[in-house]
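Residues per chain, in single letters:
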Amino acid sequence: NFSNFYFSIKGSFSTVYLAKDASNGREYAVKVCDKMFITRNKKQEYIKREKMALLKLNSVPGIIRLMYSFQNTTHLFFVLTYAKNGDLTSYIKPQLMNQDNAKCAKFYAAELLVAIEGIHRKKIIHRDLKPQNLMLDSKMHLLVGDFGSAKILSDLDENDEREQNGGERTAE
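Keep in mind that this is a model prediction, so the values were computed, not measured. (Residues numbered from 1 in each chain as written. Predicted model: local features only at pLDDT ≥ 70, side-chain atom pairs only at ≥ 80, totals over all residues. Heavy atoms only, no water.)

Student: Explain the packing of aromatic side chains here, please?
Tutor: Given two aromatic rings, their pairing is described by the distance between the two centres and the angle made by the two planes. Under the criterion given, the structure shown has 3 aromatic pairs. With a centroid separation of 6.4 Å and 65 degrees between ring planes, the pair formed by Y28 and Y68 is classed as edge-to-face. One end of the pair, Y28, is in strand β3 (residues 27–34); the other, Y68, is in strand β4 (residues 66–71), with 40 residues separating them in the sequence. With centroids separated by 4.8 Å and ring planes inclined at 15 degrees, the aromatic side chains of F70 and F77 adopt a geometry described as stacked. Sitting above the plane of the Y46 ring, R49 keeps its charged end 5.1 Å from the centroid. (Phe/Tyr/Trp six-rings, centres within 6.5 Å; stacked < 30°, edge-to-face > 60°. Helix = DSSP H or I, 4+ residues; strand = E, 2+ residues; numbered from the N terminus. Lys NZ or Arg CZ within 6 Å of the ring centre and 35° of its normal.)

Below, the structure written as structure tokens:
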């Protein structure tokens, strides 16, 4: 039961709104996807892949969480962690580079590494890591988002990869 939807950001085939849960006042990002647009532009696989990846990654630190998903006749809704401090883009500026910011960059690199390790442990490859997909929560911790381009590996994929590499396992 959400109240007060505020416009947040327009994506390629969705719009993300800030919403408040009327029962407890918590803030969430609600990604709203237009079913007709998705079908017309053949983006069904992107949506399915994003939902599957988020469900598999729900317990991994440093990942945007899918809290709920639901639909009506015209739209799909993903209720996600709200990244209060936006994405990393606005924090990456050459004029801000100094000794303190170098330490900060190392901190975020370490948080990103922990998130990527967790993603890979769940046999998922993100494939679209960029500052716009790296969000910052209310405590300025990194959260990886946007899994529409992700590759979800199965045991079969891993076995096929080993056969192609002469039985050797490649770096993950």
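Student: Even after reading the chapter, I still don't get the pattern of salt bridges, so can you show me in this structure?
Tutor: Two side chains of opposite charge can pair, provided their charged atoms sit close to one another. What the rule picks out here adds up to 4 salt bridges. Close ionic contact of E50 with K31 constitutes a salt bridge, the shortest N to O distance being 2.6 Å. Here K31 lies in strand β3 and E50 lies in helix α2 (residues 44–56), a separation of 19 residues in the sequence. Relative accessible area serves as the criterion here: at 5%, E50 is assigned to the buried category. Overall, the relative accessible area of 11% leaves K31 in the buried class. Between K130 and D128 there is a salt bridge, with the nearest N and O atoms lying 3.8 Å from each other. You can call K130 partly exposed: its relative accessible area is 35%. (Salt bridge = Lys/Arg side-chain N within 4 Å of Asp/Glu carboxyl O. Buried < 20%, exposed > 50% of the residue type's maximum accessible area, 1.4 Å probe, protein only.)

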